[in-house]
Amino acid sequence: MKKVHAKPVKLGPWVAGYQNIYEPPLAPENTLVEADNILIETEGAISPRKGYTPVSTNVHSLFRYEGRSYGIFNNTVCELFSGSAKQLSDFDVIGKVTWGVLNGDPVFTNSSVLARITNDKVIRIGVELPVVDISVGPISSTSVAVSFVNSEGEEGPLPPLFSGGAVQDPVDSTVASMRIYTTQATAVETDGEVQTYAGDVLYLVSEVAPGSASISADTYVGAPIGRPADTINKGRMPGGTYVRYWRGRLLVARGRTLFYSDPLRYGLYDQSAGFVTFESRIDFVESVDSGVFVGLRGKGEHF
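Residues numbered from 1 in each chain as written. Predicted model: local features only at pLDDT ≥ 70, side-chain atom pairs only at ≥ 80, totals over all residues. Heavy atoms only, no water.

**Quick notes on the sheet that holds strand β18 (residues 213-216)**
If you walk across this open sheet you meet the three strands as β11-β13-β18, and the pairing is antiparallel. Since the sheet does not close on itself, it has two edges, and those belong to β11 (132-134) and β18, each with one partner. Looking at each pair of strands side by side, their axes are set apart by 25° on average, direction ignored. The pairing of β11 with strand β13 (residues 164-167) spans three bridges and is classified as antiparallel. Across the sheet, residue Ile 134 finds its bridge partner in β13, namely Gly 165. (Pairing = 2+ DSSP bridges. Helix = DSSP H or I, 4+ residues; strand = E, 2+ residues; numbered from the N terminus. Axes fitted to C-alpha atoms, helices over the stretch in contact; angles between N-to-C directions.)

Following this line, the structure appears as structure tokens:
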């Protein structure tokens, strides 16, 4: 009997690489779209991938960093081991997330969360904006504003000024204190008549336990003042589809907009200038030494 040798199967070349964003009809030419549980050698030989022990069918959004594996398991962030998982977050994370690295810590995001893993604990990035139930009339010559501070000493944004009201309890359990700022009215005498002008700078006058507090601007008239407020017109960094770190700033892509934090203050961004909006949805973000690459539909940007 004549021995028949199987003919080799020509594979590739996939000069455009591997992609898993578009379905095969829309995939660019010369890309590898699907290759499940196989290894493809340089010369085109195929071999089965070695088996692995499944952790659970409820795991997604996997990330490998510094020899450790992370993922979302039963709507919580966990470190994953062979056959087990260690819960790291004390709040639910709903939906898939994407990952990055911030100063040696894994960081992840989706449309509703932006957080990092530090010392085996998930910590939300940024501090929430206080909610004030205003109970006194319009802004007078002396006004107050409040901000929350978390257990790491990070201060959040300031809401609009008010003359009096009650600050609601913070939602985030990491909020440790509340800072109170007030303007300083100036009295000017002209032709025997005294005119009072509203101050235009907020100064720190007190730091107290957060929330459940009734605050009146009149309480702090004449109080010793500290440093000026520096989180005015700031917003808390939002969650998004991609997160990267670049030269002391945290970058978050959300829809068509790339937000960037204040330098070394990763939870705050300038609401008037701390973002770039593009002509289409952002599908890719990567930071390199020379700048940041942003992938859009049909083209890329570098800045």
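**What to know about the nonpolar core**
Counting 16 residues, the largest nonpolar core has Val 146, Val 167, Met 178, Ile 215 and Tyr 220 as its most contacted members. Apart from residues no more than four positions distant in its own chain, Tyr 220 is found in contact with Val 144, Ile 180, Thr 182, Val 205, Ser 206 and Ile 215. Judged by nonpolar contacts, the second largest core, of 15 residues, contains Tyr 65, Leu 88, Phe 108 and Val 122. (Core = buried A, V, L, I, M, F, W, Y, C linked by side-chain atoms within 4.5 Å. Buried < 20%, exposed > 50% of the residue type's maximum accessible area, 1.4 Å probe, protein only. Contact = heavy atoms within 4.5 Å.)

**Here we look at the pattern of salt bridges**
According to the stated counting rule, one finds 15 salt bridges in the structure shown. A salt bridge links Asp 120 to Arg 68, with the nearest nitrogen and oxygen atoms 2.7 Å apart. Highlighted residues: Asp 120 in the loop between β9 (113-118) and β10 (121-124) and Arg 68 in strand β4 (residues 68-73), separated in sequence by 52 residues. Its relative accessible area of 28% is what places Arg 68 among the partly exposed residues. Ionic pairing is found between Asp 283 and Arg 281, a salt bridge with its closest N-O pair at 2.8 Å. Looking at Arg 281, the relative accessible area reads 42%, which means it is partly exposed. (Salt bridge = Lys/Arg side-chain N within 4 Å of Asp/Glu carboxyl O.)

**Points about the pairing of β4**
Here strand β3 (residues 59-65) pairs with β4 via five bridges, running antiparallel. Bridge pairing in β4 places Tyr 65 opposite Arg 68. In this antiparallel pair of consecutive strands, β3 and β4, the connection spans two residues, and Glu 66 shows a positive phi of 50°. Note that β4 and strand β5 (residues 76-81) share five bridges and pair antiparallel. Bridge pairing in β5 places Tyr 70 opposite Glu 79. Joining the antiparallel neighbours β4 and β5 is a turn of two residues, in which Asn 74 adopts a positive phi near 55°.

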